[in-house]
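Structural overview
Residues per chain, in single letters:
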Amino acid sequence: MSWVVLHQWIHFLHIASALGFVGVHGASIVVLYAIRNESDRGRIENLLGLSAKTVIAMYLSLALVVGTGFWAGFEEPEVFGQAWFWWSLVILALTTVLM
């Protein structure tokens, strides 16, 4: 496999994992809003079970976002000297900690 094709795959995986993260995280957000209006204990347990099932996928996709982002950065070393790269990591870290 040539470096150009590998580079394209890394970018694709980075974008796909970001979309996967948003989708899986969105499921937890839907559960959050559904529980607010729910009074049936069994239904609440089912909703929490659904949310719990998405946690592993959410963290795996987050790890893929970070991993493929760094990999793409190593392929283009000038990225590490740009402020947007480091600010994106700071914002991601703060958001993760505060959530």
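In this text, all values refer to a predicted model and were calculated from it rather than measured experimentally. (Residues numbered from 1 in each chain as written. Predicted model: local features only at pLDDT ≥ 70, side-chain atom pairs only at ≥ 80, totals over all residues. Heavy atoms only, no water.)

A closer look at the pattern of salt bridges
Between side chains of opposite charge, a pair can form as their charged atoms come close. Per the stated rule, a full pass over the model turns up one salt bridge. Arg43 is the salt-bridge partner of Glu38, the closest N and O atoms lying 3.6 Å from each other. (Salt bridge = Lys/Arg side-chain N within 4 Å of Asp/Glu carboxyl O.)

What to know about the side chain of Thr68
Within the secondary structure layout, Thr68 lies in helix H2 (residues 41-75). Look at Thr68 and you get buried, because its relative accessible area is 4%. A distance of 3.4 Å separates a polar side-chain atom of Thr68 from the backbone oxygen of Val65. Once residues within four sequence positions are removed from consideration, Thr68 is found in contact with Ile10, Leu13, His14 and Ser17. (Helix = DSSP H or I, 4+ residues; strand = E, 2+ residues; numbered from the N terminus. Buried < 20%, exposed > 50% of the residue type's maximum accessible area, 1.4 Å probe, protein only. Polar contact = N/O pair within 3.5 Å; in protein donor to acceptor, adjacent residues only side chain to side chain. Contact = heavy atoms within 4.5 Å.)

Points about the side chain of Ser61
Within the secondary structure, Ser61 sits in helix H2. The buried category is assigned to Ser61, whose relative accessible area is 8%. Ser61 has contacts with Ser17, Gly20 and Phe21, leaving out every residue within four places of it along the chain.

Brief notes about the environment of Gly49
Mapping Gly49 onto the fold places it in helix H2. Sequence separation between Gly49 and Gly73 is 24 residues; the distance between their C-alpha atoms is 37 Å.

Some remarks on the environment of Gly67
Here Gly67 is to be found in helix H2. The partly exposed category is assigned to Gly67, whose relative accessible area is 37%. In this structure, the C-alpha to C-alpha distance between Gly67 and His14, residues 53 residues apart in sequence, is 8.2 Å.

Here we look at a nonpolar patch on the surface
There is a patch of nonpolar side chains on the surface, built from Trp87, Val90, Ile91, Leu94, Val97 and Leu98 and spanning about 690 Å² of accessible area. Tracing the backbone through its elements, the reader meets Trp87 in helix H3 (residues 83-98). (Patch = residues over 30% accessible without salt bridge, like charges linked within 9 Å, V, L, I, M, F, W, Y side chains within 5 Å. Areas by Shrake-Rupley, 256 points an atom, 1.4 Å probe, with all protein chains shown as cover.)

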